[in-house]
Amino acid sequence: MAKRLLSVLPTAAGVLLASLSVAAPPAAARPAATASISAVKLVDATHSSLTFRVSGHASKFRVYVAQVHHQLIAANLHGDPHSPLSKSHTVTVTGLKYSTTPYFFRAYAVAGSHHAYSGTFGPVGLKPKAPTGLAVSSPSGAVSLSWSGGAGTGYVVERASDSAFKTVRKNYRLVGPDRQFTPGDLIRGGTYYFRVRAVNTGTKSSPSQMVSGTPSSAESALTAMTYNLHEADISAPSGESWAARRDKVAQVIKAARPAVVAIQEAASWIGAVKGPRQIDDLVSALGGSYQLARTEVPPSEPHYFRTADYILYDPNVVTTAGSGGHWDIGHASAGANHWAAYQPFTVTATGAKFVFVSFHLHVQNSNPASDDQIRQDQTESMLTQGAAYAASSNAPIVYAGDTNSVVETKHKFDGPRIAMQARHVADAYDVAQARSGTKYDTANNFQRKPPAHHKYIDGIFLPPGVAATTWTQIVHVSHGKFVGVIPSDHNPVVATVILPY
């Protein structure tokens, strides 16, 4: 009869507890009771060691550790890092290499000629070092935090209304490596105290030093979307034409009701050359509820130009605040130049100003390291031009688009996010306090059963001073499958963005 399996929980002190019940072997093969293991508790995780308390009846105990779960099979155990045999029920494995890759472990009990193994369980992260250099800045009157060090799988930003962190406390949980955070729920004129802890797969660091900040601006909420439509003149693997997909795309946008939408892959001619572009056809399908920002010369005028990156906006929520345009973000050597379309806006209800950017990075993956570097270079070019524009317009820039990059086997590194993290531009996914639709990849490749590996190549990215409270991927499936027309080979991403004003 099998007993209850493992559960791993962080306590308030950051200590992980792992309780385990082991499946009993057949009676004929069952070892002596004196070699049984009833439970294992992880007492502490330090920078380079794990300490366990083993509960059972045996003369000696040992714990094995590996960073790949299946390596902890009996045949491999002697090659994995392990503790010395201990007569004590407290067992420590030392000399572990700190990594954001988690560890799994398995306990071993021996009494004379009898022995028993626990099941394998985890994951457990070694304790990260505390973040350093925590600093507060006030872009546009907001309170924004940045720090360094404390490498982990995420961070916890602790907030309080007193320096002793005893009153009106709140924790913001961040996922990913971003070391920049802007809270989206502060009251103008209030004084707040902050400190940061690194988190490594559930194990928290000690806190950083404390800083304080007082926002002098109010906050204006805005819903932003990014949506890659798949060019109409490129056939979909599923055989669905743009004519079949158009109304479904329009339905998705109208149901989400974003104030601004970054569109990619929408330059194809619908009908004759110089006739409506795909983006024009979508605007028509939206029935007047959205307008197209002028970020390029349209085909109705001489010297027209198509970037394939566009911006739609709801005129009932925002108004254009000056001329839009596009930046050349480079790399004709990759086969074609790429562009980032931009448009300054004002939120009608509050007067908050911002610039919205729609971008699409290099797509090829024939030479992974070279392609990753191209995408990083394009991102750096876009951020450099964006910073210069933001300085002249005195408005923060929200970037939204298709990075064509995520950490996986065909990418040597995630160049776009490396570039953004260096400029303290945060991924809304990482800093939002509520996320939904996280199961599926944002690129569905027109597969009836969309891939579900938590890979997000599409995103919304925020500078210091701009917050995100929610992140949502819109995927309409039934029993894990798309029903009817698949709107695009990408799923749209929506974020609630908080702008200072």
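Remember, it's a predicted structure, so these values are computed and weren't measured experimentally.

This next bit is on the sheet that holds strand 20 (residues 291-292). Strand pairing in a sheet relies on backbone hydrogen bonds. The paired strands run either parallel or antiparallel. Overall, mixed pairing links the 7 strands, which are arranged 20-21-19-18-33-30-28 in an open sheet. Looking at strand neighbours, the two that pair on one side only are strand 20 and strand 28 (434-436), the edges of this open sheet. Where strand 19 (residues 260-264) meets strand 21 (residues 309-313), 5 bridges bridge the pair, whose relative direction is antiparallel. Residue pairing for strand 21: Ile 263 is matched across the bridge by Tyr 310. Strand contacts of helix 1 (residues 242-256): strand 18 (219-228), strand 19 and strand 33 (493-500), with the helix running at about 170 degrees to strand 18, the strand carrying the most contacts.

Using the criterion set out here, one finds 18 aromatic pairs in the structure. On the numbers, 5.0 Å between centres and 50 degrees between planes, the contact of Tyr 172 with Phe 181 is tilted. Since its relative accessible area comes to 2%, Tyr 172 is described here as buried. Its relative accessible area of 3% is what places Phe 181 among the buried residues. Ring geometry for Tyr 456 and Trp 471: centres 5.1 Å apart, planes at 55 degrees, overall tilted.

All told, the structure shown has 15 salt bridges when counted by the stated rule. Among the salt bridges present, the one from Arg 246 reaches Asp 281, with a minimum N-O distance of 3.0 Å. With Arg 246 in helix 1 and Asp 281 in helix 2 (residues 278-285), this pair connects stretches of sequence that are 35 residues apart. Judged by its relative accessible area of 13%, Asp 281 falls in the buried class. The salt bridge involving Arg 417 is made with Asp 427; its shortest N-O contact spans 3.3 Å. Note that Arg 417 is positioned in helix 4 (residues 415-422) and Asp 427 in strand 27 (residues 426-427), a separation of 10 residues in sequence. Through salt bridges with shared partners, a single network forms among Glu 158, Arg 169, Arg 195 and Arg 197.

Criteria and cut-off values
Residues numbered from 1 in each chain as written. Predicted model: local features only at pLDDT ≥ 70, side-chain atom pairs only at ≥ 80, totals over all residues. Heavy atoms only, no water. Pairing = 2+ DSSP bridges. Helix = DSSP H or I, 4+ residues; strand = E, 2+ residues; numbered from the N terminus. Contact = heavy atoms within 4.5 Å. Axes fitted to C-alpha atoms, helices over the stretch in contact; angles between N-to-C directions. Phe/Tyr/Trp six-rings, centres within 6.5 Å; stacked < 30°, edge-to-face > 60°. Buried < 20%, exposed > 50% of the residue type's maximum accessible area, 1.4 Å probe, protein only. Salt bridge = Lys/Arg side-chain N within 4 Å of Asp/Glu carboxyl O.

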